Amino acid sequence: MTKIVTIYNQKGGVGKTTLAVNLAHGLARSGKAVTLMDLAEPPCCHQWFRLPADGSAQRWLKGEEVPRYGTRVGGLYVLTGYRPGVEELMSGKMEVLPPEAVRRERFDALGGDVVVVDGYRYEWKVEEALLRLSDVVLIPHDGGTPLDSTNGTLGECMELRRGGWQGRFYLVGQVERVGDVERLVAIGERADGVVLLTRNERMRKRRTAFETPRVARVMVEYHNLCMWLEKEGCQER
């Protein structure tokens, strides 16, 4: 069965698309067959690949047999989101994705190993349907992310788990200083673990800063995040 990995936070501009694109790219480079599905509002994944924002992701979920866009990375395909034109925005008659369209069989019909979803926002019923189908939810949080939005996202995952959801969810935090570790571990207390990303060479060498049972793994590259996700992140609870 195809694994569904959703990148999600209630707040935009926290690095969802960057995480989704790099994760999909890394998984494909490691030999996985991957579809990157852009359900974000507004969509941005298409910009990374210079593709049209024609709503192929939404159309696929609604039942249309639309082709996926190929990329220069073997095994990586993209279903883009929809960016409405000025007239649609002005009229307020934008087409929305109905929650009943978010069905497991449409993800499985894509084939391959993994579908990475740049998560939906604004419509809770759609968000709930997407999260409920996800095998793994990664919740990005950086220094500029409002704490309320991340706590709200963690709360949504906890509520789904109380209702029987069997997926796993992790906080993915950006680390620049030692103090960031303690802060992120506290924020991610309700998650299944905390994944820390850092580009700070000195922080990587201070291994004692990361010796805490709540931290799933510390990594410097998205490639390492992909390796961790394959081996540990998608394991059954």
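Definitions and cut-offs
Residues numbered from 1 in each chain as written. Predicted model: local features only at pLDDT ≥ 70, side-chain atom pairs only at ≥ 80, totals over all residues. Heavy atoms only, no water. pLDDT = per-residue confidence, 0-100. Contact = heavy atoms within 4.5 Å. Helix = DSSP H or I, 4+ residues; strand = E, 2+ residues; numbered from the N terminus. Expected span 1.5 Å × (residues − 1). Buried < 20%, exposed > 50% of the residue type's maximum accessible area, 1.4 Å probe, protein only. Salt bridge = Lys/Arg side-chain N within 4 Å of Asp/Glu carboxyl O. Phe/Tyr/Trp six-rings, centres within 6.5 Å; stacked < 30°, edge-to-face > 60°. Lys NZ or Arg CZ within 6 Å of the ring centre and 35° of its normal. Polar contact = N/O pair within 3.5 Å; in protein donor to acceptor, adjacent residues only side chain to side chain. Pairing = 2+ DSSP bridges.

Quick notes on the confidence of the model for the protein chain
- Mean pLDDT for the protein chain: 84, with 82% of residues reaching 70 or above.
- Under a pLDDT of 50 for its full length, residues 207-220 has, in the predicted model, 41 contacts with residues more than four places off or in other chains.

With respect to helix 1 (residues 16-29)
- Its 14 residues give helix 1 an end-to-end C-alpha distance of 20 Å, which sits within 8% of 20 Å, the value for a rise of 1.5 Å per residue.
- Of all the 14 residues making up helix 1, 10 are buried; the element is thus mostly covered by neighbouring parts of the structure.
- Buried within helix 1 we find Lys16, Thr17, Leu19, Ala20, Val21, Leu23, Ala24, Gly26, Leu27 and Ala28.
- With its phi angle positive at about 105°, Gly31 sits one or two positions after the end of helix 1.

Focus: the pattern of salt bridges
- In this structure the tally under the stated criterion is 10 salt bridges.
- We note a salt bridge from Arg103 to Glu105, for which the minimum N-O separation is 3.0 Å.
- A relative accessible area of 47% places Glu105 in the partly exposed class.
- The shortest N-O distance in the salt bridge between Arg132 and Glu128 comes to 3.0 Å. Of the two residues, Arg132 and Glu128 are both situated in helix 6 (residues 124-133); the distance of four residues between them amounts to about one turn of the helix.

Overview of the packing of aromatic side chains
- With the rule as written, the count across this model stands at one aromatic pair.
- Above the plane of the ring of Tyr77 lies Arg68, whose end atom (NZ or CZ) is 4.3 Å from the centre.
- The ring of Trp60 carries the charged tip of Arg106 above its face, separated from the ring centre by 4.3 Å.

Things to note about the environment of Leu160
- For Leu160, the location among the structural elements is in helix 7 (residues 147-162).
- When its relative accessible area of 4% is taken as the criterion, Leu160 is described as buried.

Quick notes on the environment of Trp165
- With respect to the helices, strands and loops of the structure, Trp165 is situated in the loop between helix 7 and strand 7 (168-174).
- Taking C-alpha positions, Trp165 is 8.4 Å from Leu133, a pair spaced 32 residues apart along the chain.
- Within the structure, Trp165 has its side chain in polar contact with the backbone oxygen of Leu131 (distance 3.2 Å).
- A polar atom in the side chain of Trp165 sits 3.0 Å from the backbone oxygen of Ser134.

Things to note about unusual backbone geometry
- Note the cis peptide between Glu41 and Pro42, where omega equals 0°.
- Assignment of secondary structure puts Pro42 in the loop between strand 2 (34-38) and helix 2 (45-49).

Description of the pairing of strand 2
- In terms of residue burial, strand 2 counts as a mostly covered element, since five of its five residues are buried.
- When strand 2 meets strand 4 (residues 76-79), the two strands line up parallel, connected through four bridges. Bridge pairing links Met37 to Leu79 in strand 4.

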